[in-house]
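An overview of the molecular structure
One letter stands for each residue in the lines below.
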Amino acid sequence: MKRISVFTLLLALTVAWSVPARAQRTVVEEDARQSQKAANKAAKKQQKMSKKAAKQQKKAMKEYDKKQRKLIENANQKSSPR
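This is a predicted model, so every value here is computed, not measured.

1. Quick notes on the overall build of the protein
The number of helices and strands found in the protein is one helix and zero strands. Here the protein holds 82 residues, and 0% of them are scored as buried. Total accessible area on the protein stands at roughly 8,600 Å², and carbon and sulfur atoms take up 61% of it.

And the structure:
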């Protein structure tokens, strides 16, 4: 009878010790997953901001080129005799 009770107690302790380990492993895996998700989100946001800045720079360059062409055109019109 004592052997059965000792065996049952040992089995209960084994199960009790293994449950927190599995739960802790799950928490660590969940934290890693959330961390990876946050990193992906931050990278995507950075990429979006970089793309937006490049678009604004391209637009500014086009406007500058347009103004330069107009200045050259106006200068050519003034210097050419009619």
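2. Details of the pattern of salt bridges
One pass over the full model with this rule turns up one salt bridge. Residue Arg33 pairs with Glu30 through a salt bridge whose shortest N-O separation is 2.8 Å. Here Glu30 and Arg33 lie together in helix α1 (residues 2-79), a separation of three residues that amounts to about one turn. Given a relative accessible area of 32%, Glu30 falls into the partly exposed group.

About the thresholds
- Along each chain, residues carry numbers from 1 onward, in the same order as the chain's sequence is written.
- Local features in a predicted model are, by the rule used here, given only for residues with pLDDT of at least 70; side-chain atom pairs are given and counted only at 80 or more, and totals for whole chains, interfaces and linings are based on all residues.
- Hydrogens and water are ignored here; the side-chain numbers use all heavy atoms of the structure.
- A run of H or I in DSSP counts as a helix once it spans at least four residues, and a run of E counts as a strand once it spans at least two, with each numbered from the N terminus.
- Think of it in three bands: residues with accessible area under 20% of the maximum for their type are buried, residues over 50% are exposed, and the middle band is partly exposed, with areas taken using a 1.4 Å probe on protein chains only.
- Where accessible areas are quoted, they stem from the Shrake-Rupley method and a 1.4 Å probe; at the residue level, only the protein chains shown are allowed to cover.
- Salt bridge criterion: a side-chain nitrogen from Lys or Arg within 4 Å of a carboxyl oxygen from Asp or Glu.

In short, the description is geometric, and any link to function would need to be established separately.
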